[in-house]
Amino acid sequence: MMVSQGSTIRALILGGTADASELAAAIARARIDAVYSYGGRTRAPADQPLPTRIGGFGGVSGLADYIRSESITHVIDATHPFAAEMSRNAVEACAQTDTPLIALERAPWTNAPGDRWTEIPDVTAAVAALPEAPAKIFLAIGRQHIAPFAAKPQHAYTLRFVDPPEAPLPFAADVIVSRGPFTLDGELEMLRSRGIAWIVARNSGGDGARAKIDAARKLDLPVIMISRPALPERQRVESVSEVMQWIGHSTRLGA
Ligand code: 3Y8
Ligand code: NAP
């Protein structure tokens, strides 16, 4: 997609991940005009070295209006592989406004020798994959998608949230409040001390949440691994440097 002759760059980073924070630092160092965007899911998101906005745009039309009113010339979708609605909206809004879009998306984890993964498509299938006999289970899938596990209340659940729960939980559970990134030693200690027998995780990829997967292998624990949602076709890279080249490339075209 051509950037018009002589136009200046103004990038919108759809953020909320460690990769997005790394990109924001590179963009700030390069003194590229940009805005960092959080969805407003957590109480105190990490500070960024860029002007930051927090909260939804108001669907596809809200994002398209934002792109136009803020004279955004490039959109980088650096959200999480499970932030499917945001990613879909970005594809649609960038098509409507003819704005260059690239996704910064880490590769999925792949199971290594010794892993005991059961790969399933979604949370509902994850509940079905759990045993019937009561067990100690670590749900490492955050806060938004735990309700279906109320169908198996016989288990002793440990949850991990970024912020303390505001509403009553849909089932009895022990909640760890921690925002990560997590370490192998920390995960081994947590899993051992709680006698966890099963882990439910999403295939987020990246390093920030990988420690529990490595700890499960060391402890020979089964992992119910939720695969990523399908996303529409869009240009996709796995490194900050490729995004910087993409921006630089468009600059050369537009210079
Ligand atoms: C608000 C920004 C950094 C970024 C930290 C990464 C690593 C730790 C792994 C586990 C899994 C989980 C969850 C997780 C990870 C990083 C990274 C990553 C998983 C923050 C952040 C925001 C969010 C939103 C939050 C979700 C939740 C998911 C917890 C900031 C810390 C489980 C995803 O309470 C809620 O509503 C939380 C919602 C979306 C999934 C869910 O459905 O509950 N992330 N996480 C972003 C925004 O508002 O736009 O607060 O600073 C970012 C990070 N989360 O600074 O190093 O980059 O992947 N985040 C999953 O993998 O399933 C934790 O516990 O093992
Ligand atoms: P989602 O379900 O895909 O998005 C739901 C709605 O939230 C979007 O339609 C949009 O609202 C708003 N939104 C999401 N991300 C936004 C952003 N970066 N900036 C502005 N608005 C945003 O999103 P999610 O899975 O809840 O993820 C929310 C945030 O947490 C994202 O920043 C994501 O990167 C981060 N995160 C998510 C996960 C995860 O497991 N999903 C893990 C780590 C980090 P409007 O339609 O009103 O624009």
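Note that this is a predicted model, so its numbers are computed, not measured. (Residues numbered from 1 in each chain as written. Chains lettered and ligands numbered in written order. Predicted model: local features only at pLDDT ≥ 70, side-chain atom pairs only at ≥ 80, totals over all residues. Heavy atoms only, no water.)

Trainee: Before we move on, could you go through the overall build of the protein and cite the residues and values that matter?
Mentor: What the protein contains, in helices and strands, is seven helices and twelve strands. Taken over the C-alpha trace, the protein has a radius of gyration of 20 Å; the compact-globule value for 255 residues is 18 Å, and the two agree within 12%. In terms of overall dimensions, the protein has C-alpha extents of about 65 × 35 × 30 Å along its principal axes. A total of 255 residues make up the protein; the buried ones form 46% of that total. Contacts spanning at least 24 positions in sequence make up 67% of the contacts within the protein whose residues lie at least 6 apart. Of the roughly 12300 Å² of accessible surface on the protein, 52% is carried by carbon and sulfur atoms. Taking the 26 positively charged and 27 negatively charged side chains of the protein as two groups, their mean positions are separated by 3 Å. (Helix = DSSP H or I, 4+ residues; strand = E, 2+ residues; numbered from the N terminus. Rg over C-alpha atoms; globule rule 2.2 N^0.38 Å. Buried < 20%, exposed > 50% of the residue type's maximum accessible area, 1.4 Å probe, protein only. Contact = heavy atoms within 4.5 Å. Areas by Shrake-Rupley, 256 points an atom, 1.4 Å probe, with all protein chains shown as cover. Lys, Arg positive; Asp, Glu negative; His and termini not counted. Charge placed at Lys NZ, Arg CZ, Asp CG, Glu CD.)

Trainee: Can you lay out the site of ligand 2 for me, pointing to particular residues and giving the numbers?
Mentor: As a structural note, the neighbourhood of ligand 2 is formed by 23 residues, with G15, S37, R41, F57 and R202 the closest of them. One nitrogen or oxygen atom from the side chain of R41 is found 2.8 Å from an oxygen atom belonging to ligand 2. Between ligand 2 and G59, the relevant distance is 3.1 Å, taken from an oxygen atom to a main-chain nitrogen or oxygen of the residue. When isolated, ligand 2 has an accessible area of 800 Å², and the protein chains bury 82% of it. Sorting the residues of the shell around ligand 2 by element identifies β2 (34-38) and α3 (84-97) as the ones contributing at least two each. Top element by residues in the shell around ligand 2 is α3. It accounts for four residues. A breakdown of the residues in the shell around ligand 2 according to their chemical character gives six nonpolar, 13 polar and four charged. (Near = heavy atom within 4 Å. Polar contact = N/O pair within 3.5 Å; in protein donor to acceptor, adjacent residues only side chain to side chain. Nonpolar A, V, L, I, M, F, W, Y, C, P; charged D, E, K, R; others polar.)

Trainee: A description of the packing of aromatic side chains should follow, citing residues and the corresponding values.
Mentor: Evaluated as defined, the whole model comprises four aromatic pairs. Aromatic side chains Y157 and F171 sit 4.8 Å apart centroid to centroid with 50° between the ring planes, which places their arrangement in the tilted category. Of this pair, Y157 sits in strand β8 (residues 156-161) while F171 is found in the loop between β8 and β9 (173-177), placing the two residues 14 residues apart along the sequence. For F171, a relative accessible area of 8% translates into the label buried. Cluster of aromatic residues (ring-pair linked, three or more members): F149, Y157 and F171. It is R53 that lies over the ring of F57; its NZ or CZ is 3.8 Å from the centre. Here R53 stacks its cationic end above the ring of Y66, 5.3 Å away from the centre of that ring. (Phe/Tyr/Trp six-rings, centres within 6.5 Å; stacked < 30°, edge-to-face > 60°. Lys NZ or Arg CZ within 6 Å of the ring centre and 35° of its normal.)

Trainee: Explain the site of ligand 1 to me, using residue names and the numbers behind them.
Mentor: Within the structure, ligand 1 sits among 28 residues, and G39, T42, R143, R179 and S204 are positioned closest to it. Backbone polar atom of R41 to an oxygen atom of ligand 1: 2.8 Å apart, as the coordinates give it. Residue T42 places a side-chain N or O atom 2.7 Å away from an oxygen atom belonging to ligand 1.

Trainee: Quick rundown of helix α6 (residues 211-219)? Include the residues and the values.
Mentor: Inspection of α6 places A211, K212, I213, A215 and A216 among the buried residues, and these make up the whole buried set. Here the buried face of α6 lies against β6 (116-120), β7 (136-139), β8, α5 (184-193), β10 (198-202) and β11 (222-226). Looking one or two places after α6, you find D220, whose phi comes out positive at around 60°.

Trainee: If you had to explain α3 to someone new, which residues and values would you point to?
Mentor: An ideal rise of 1.5 Å per residue puts 20 Å on 14 residues; α3 measures up with 20 Å between its terminal C-alpha atoms. The secondary structure elements touched by the buried residues of α3 are β1 (11-14), α2 (59-69), β4 (74-77) and β5 (101-104). Once α3 ends, the next one or two residues include D98, with phi positive near 55°. (Expected span 1.5 Å × (residues − 1).)

Trainee: Which residues make up the sheet that holds β6, and what values do they have?
Mentor: Spatially, the six strands line up as an open sheet ordered β6-β11-β10-β7-β8-β9, and their pairing is parallel. Looking at the sheet topology across the chains shown, the edges are occupied by β6 and β9. The sheet shows a mean angle of 20° between the axes of neighbouring strands, direction not considered. Where β10 and β11 come together, four bridges link them in parallel fashion. (Pairing = 2+ DSSP bridges. Axes fitted to C-alpha atoms, helices over the stretch in contact; angles between N-to-C directions.)

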